[in-house]
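# Structural overview
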Amino acid sequence: MAKSEYEYVREQERDDRLPKFNWIVVRINGCDFHRFSKIHGFDRPNDERPLNLMNDCAISVLEQFPDIVFAYGFRHEYSFIWKETTKFYERRESKLLSLSVSFFTSVYVMKWRVFFPEQELAYPPSFDGRVMCFPGPGARLIRDYLSLRQNDCHIFNQKNTCSWMLVNSGRTESEAEEYLEGTQESERNELLFQQFGINYNNLPAMFRKGSSLFRDQEDVTVKLDDGGNPIRRTRKKIKVEHSDLSRKGFWRWHPEILSD
């Protein structure tokens, strides 16, 4: 078949296939969620409802894209780890990014009423995204990346908890921010305990450590035999945990996640 006279336009398309033998991370982040959370009345300093909504959206993403082997999220961000050998859409960056962000956003809107049954969406939420590659062999860089994100979760949540406790006790947001400027982790822990009677380590793990999603083996009853006895099979189920990813114990317990 003869080519169209307009065929030359295709030459302008950029080849954005990501390099082979690299783990791919697609990180999604809520746009201007400080305003979004304020308008929609999220509890401060922490609210389980929006976090559980984010987790539910992430579960849907893992169900939609089997080549995602792990996801980690906190606040209004989520990192999705695509396996090193994925061939999804020929590893094209634009496809991986646009499909992940658009699907996550649409699920967020669809599931909003499940977690906020009495709160209408005042305006559509939006998320942006970025793509990163982490070369092998092995998965050390991926594990270190996840540890970094979890460390950021801890630092933000500790500062945020201190800030809102100070605000609730009478300071303005800017005064609380100025008060905490330059403080160390131990000083913030002491502040929470001495002034507000809060042991930071006793706060829910989801707030302090974020949420990890992965597929795990689980024995389930598929049917009953003629005698009424359960017949069980091993199935993979997406699991949500709030584990410490910086410790090697988690990865020793789950070596199959990043084995590819």
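Basis of the calculations
- Residues numbered from 1 in each chain as written.
- Predicted model: local features only at pLDDT ≥ 70, side-chain atom pairs only at ≥ 80, totals over all residues.
- Heavy atoms only, no water.
- Helix = DSSP H or I, 4+ residues; strand = E, 2+ residues; numbered from the N terminus.
- Buried < 20%, exposed > 50% of the residue type's maximum accessible area, 1.4 Å probe, protein only.
- Contact = heavy atoms within 4.5 Å.
- Areas by Shrake-Rupley, 256 points an atom, 1.4 Å probe, with all protein chains shown as cover.
- Lys, Arg positive; Asp, Glu negative; His and termini not counted.
- Charge placed at Lys NZ, Arg CZ, Asp CG, Glu CD.
- 1 Å grid on protein atoms, 1.4 Å probe; cavity = no way out; pocket = protein on both sides within 12 Å on 5 of 7 lines; lining within 4 Å.
- Points joined across faces, edges and corners; volume = space filled by probe spheres on them.
- Nonpolar A, V, L, I, M, F, W, Y, C, P; charged D, E, K, R; others polar.
- UniProt positions renumbered as here; feature names shortened; annotations may be inferred.
- Patch = residues over 30% accessible without salt bridge, like charges linked within 9 Å, V, L, I, M, F, W, Y side chains within 5 Å.
- Salt bridge = Lys/Arg side-chain N within 4 Å of Asp/Glu carboxyl O.
- Axes fitted to C-alpha atoms, helices over the stretch in contact; angles between N-to-C directions.
- Parallel < 35°, antiparallel > 145°, perpendicular 65-115°, else oblique.
- Left-handed = near helix turned anticlockwise from the far one by under 90°.
- Polar contact = N/O pair within 3.5 Å; in protein donor to acceptor, adjacent residues only side chain to side chain.

### Side note on the overall build of the protein chain
Per the secondary structure count, the protein chain includes 8 helices and 6 strands. Mapped from its N terminus to its C terminus, the protein chain presents α and β elements in the order β-α-α-β-β-α-β-α-α-α-α-β-β-α. The C-alpha extent of the protein chain, read off along each of the three principal axes, is 75 × 70 × 45 Å. Relative to its full complement of 260 residues, the protein chain shows a buried share of 42%. Expressed as a percentage of contacts within the protein chain between residues at least 6 apart in sequence, the contacts between residues at least 24 apart total 69%. For the protein chain, the exposed surface amounts to about 15,400 Å²; the carbon and sulfur share of it is 49%. Both charge centroids of the protein chain, one from 38 positive and one from 39 negative side chains, sit 4 Å from each other.

### A short note on empty space enclosed by the protein
Counting across every chain of the model gives 1 cavity of 30 Å³ or more. When its volume is computed, the largest cavity comes out at roughly 40 Å³. In terms of lining, the largest cavity is formed by Leu51, Met54, Asn55, Gly73, Phe74, Arg75, Glu77, Tyr78, Met206, Gly210 and Ser211. Of all elements in the fold, only α2 (48-64), β2 (68-74) and β3 (77-82) reach the threshold of two or more residues within the lining of the largest cavity. The greatest single-element share of the lining of the largest cavity, amounting to 3 residues, is contributed by α2. Taken together, the residues of the lining of the largest cavity sort by class into 5 nonpolar, 4 polar and 2 charged.

### Digging into unusual backbone geometry
With an omega of 5 degrees, the peptide bond running from arginine 44 to proline 45 counts as cis. Here proline 45 lies in the loop between α1 (33-39) and α2. Across the junction of glycine 136 and proline 137, the peptide omega takes the value 0 degrees, indicating a cis bond. By secondary structure assignment, the location of proline 137 is in the loop between β4 (127-135) and α4 (140-168). The backbone of phenylalanine 21 sits at a positive phi, close to 60 degrees, despite the residue not being glycine. Mapped onto the secondary structure, phenylalanine 21 falls in the segment before β1 (22-30).

### Some thoughts on the UniProt feature "binding site: Mg(2+)" (unreviewed entry) in the protein chain
Here the UniProt-annotated "binding site: Mg(2+)" (unreviewed entry) positions come out as Gly30. In this structure, glycine 30 sits in strand β1.

### A look at a nonpolar patch on the surface
The grouping of Tyr6, Tyr8 and Val9 at the surface amounts to a nonpolar patch, some 350 Å² of accessible area in total. Positionally, valine 9 belongs in the segment before β1. You can call valine 9 partly exposed: its relative accessible area is 43%.

### Focus on the packing of α2 against helix α3 (residues 93-115)
Where α2 meets α3, the closest approach of the two axes is 9 Å, and the angle between their N-to-C directions is 135 degrees. Viewed along their axes, α2 and α3 adopt a mutual orientation that is oblique. By crossing handedness, the relation of α2 to α3 is classed as right-handed. In this structure, α2 contributes Arg49, Asn52, Leu53, Met54, Asp56, Cys57, Ala58, Ser60, Val61 and Gln64 to the contact, and α3 contributes Phe103, Phe104, Val107, Tyr108, Lys111, Trp112 and Phe115.

### Side note on the pattern of salt bridges
Inspection of the entire model under this criterion finds 13 salt bridges. For aspartate 244, the salt bridge goes to lysine 209, with nearest N and O atoms at 3.9 Å. Highlighted residues: aspartate 244 in the loop between β6 (230-241) and α8 (248-253) and lysine 209 in helix α7 (residues 205-209), separated in sequence by 35 residues. Note on lysine 209: relative accessible area 22%, which makes it partly exposed. Through salt bridges with shared partners, one network takes in Glu77, Arg149 and Asp152.

### Re the side chain of threonine 86
Relative to the helices and strands, threonine 86 resides in the loop between β3 and α3. By relative accessible area, which is 1% here, threonine 86 ends up buried. Among the polar contacts listed, one links the side chain of threonine 86 to the side chain of aspartate 67, at a separation of 2.6 Å. Within the local environment of threonine 86, its side chain forms a polar contact with the backbone nitrogen of phenylalanine 88, the two atoms lying 3.2 Å apart.

### Some words on the layout of surface pockets
Empty space among the atoms becomes apparent when a probe as large as a water molecule is rolled across them. Roughly 790 Å³ of internal volume is contained in the largest pocket. The wall of the largest pocket is formed by 34 residues, among which Pro45, Arg75, Phe156, Asn160 and Trp164 lie closest to the centre. Elements with a contribution of two residues or more to the lining of the largest pocket: α1, α2, α4, α5 (173-180) and α7. Here the lining of the largest pocket is composed, by residue class, of 16 nonpolar, 9 polar and 9 charged. The calculated volume of the second largest pocket comes to roughly 270 Å³.

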